[in-house]
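# Per-entry structural report
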Amino acid sequence: MIESREIIDPLYDRCEAELFNPPAASWKDEWRKIRDDFLAVEQSQYKNPSSERLFRQRFQEPGTVVFLLRDTLIKKVVGFTYSIPLVNYAAGNGENFRKDIEREDDGRKTAYIMSTVILPDYTGHRLSPKLIGTLEDFLKERRGYRFVEFDVTKENGYADKVVENNKDRIVAGPISHDSSLGPQVFCRIKL
Ligand SMILES: CC(C)(COP(=O)(O)OP(=O)(O)OC[C@H]1O[C@@H](n2cnc3c(N)ncnc32)[C@H](O)[C@@H]1OP(=O)(O)O)[C@@H](O)C(=O)NCCC(=O)NCCS
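Notes on the structure follow.

Rules used throughout
Residues numbered from 1 in each chain as written. Predicted model: local features only at pLDDT ≥ 70, side-chain atom pairs only at ≥ 80, totals over all residues. Near = placed C-beta within 6 Å. Helix = DSSP H or I, 4+ residues; strand = E, 2+ residues; numbered from the N terminus. Nonpolar A, V, L, I, M, F, W, Y, C, P; charged D, E, K, R; others polar. Pairing = 2+ DSSP bridges. Axes fitted to C-alpha atoms, helices over the stretch in contact; angles between N-to-C directions. Expected span 1.5 Å × (residues − 1). Bend = angle between axes of the 7 residues up to and from the residue.

Moving on, we get to the site of the ligand. What surrounds the ligand is a group of 19 residues, the closest being Gln-45, Thr-123, Ser-128, Lys-161 and Asn-165. Every element with two or more residues in the shell around the ligand is listed here: strand S4 (110-118), helix H6 (127-141), strand S5 (147-153) and helix H7 (158-165). Class assignment of the residues belonging to the shell around the ligand gives a composition of eight nonpolar, nine polar and two charged.

Below is the structure:
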């Protein structure tokens, strides 16, 4: 059966996830190409957006994996998601790092999804699972990860939907908790 969104949602079809992983020598030039659109995405969704400096620093650290969401019709970056190794998140005292769960890999084969943001004009089109699914496939097939962890906002019932859609893969959680970004839900998922 053809899924209905393939017929009726051209926006879904024309937006593609794209790995952002330029070599060191051309990193600055490649960043300059996406910089304005990228920062506009972050600023569109957060009252206290993260700084360019923080993104530049994180994105160049070994182990960080960044996927952009690009509207291929107008060539514009309209969203992004990125992960870091869980061991780095723990070492950096990540706000939501959980010490109270069992990890069969001691966290060494686990990536932590730091953030997923989509421009408001593009939300509500199921583009976040498209983007995060591409990140997860890459982490598993190209980087050898076996698990991901993330904390998702409870706003607009988002966490409930993410938990429901991932219920067969959750190995720890869901755990509700407060964070600096408001109420969230933690999940650990098998890739
Ligand atoms: C969070 C955000 C990226 C979600 O995007 P969105 O366009 O509103 O939501 P989408 O239409 O892509 O996704 C909703 C659907 O995809 C599903 N989905 C989203 N991410 C998923 C995931 N990782 N795994 C499985 N399902 C997922 C949802 O369960 C939902 O399913 P439904 O069809 O049953 O309704 C977007 O609202 C945003 O940028 N918000 C501000 C920033 C933010 O809060 N980021 C998240 C921090 S936790």
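Having seen the structure, we can now continue with the description.
All right, on to the sheet that holds strand S3 (residues 76-85) then. Strand order in the open sheet formed by seven strands is S1-S2-S3-S4-S5-S7-S6, with mixed pairing between adjacent strands. Here the strands that pair on one side only, and so sit at the sheet edges, are strand S1 (15-19) and strand S6 (170-177). In this sheet, neighbouring strand axes are inclined to one another by 20° on average, regardless of whether the strands run parallel or antiparallel. With seven bridges connecting them, strand S2 (residues 65-71) and S3 associate as antiparallel partners. Within the sheet, the bridge partner assigned to Leu-68 lies in S3 and is Phe-80.

Three- or four-residue spacings in an α-helix give side chains the same orientation, since the helix completes a turn every 3.6 residues. Taking 1.5 Å as the rise per residue, helix H3 (residues 27-45) with 19 residues should run 27 Å; its terminal C-alpha atoms sit 26 Å apart, in good agreement. At Arg-35, H3 shows its largest bend, some 55°.

These figures come from the coordinates and say nothing about function on their own.
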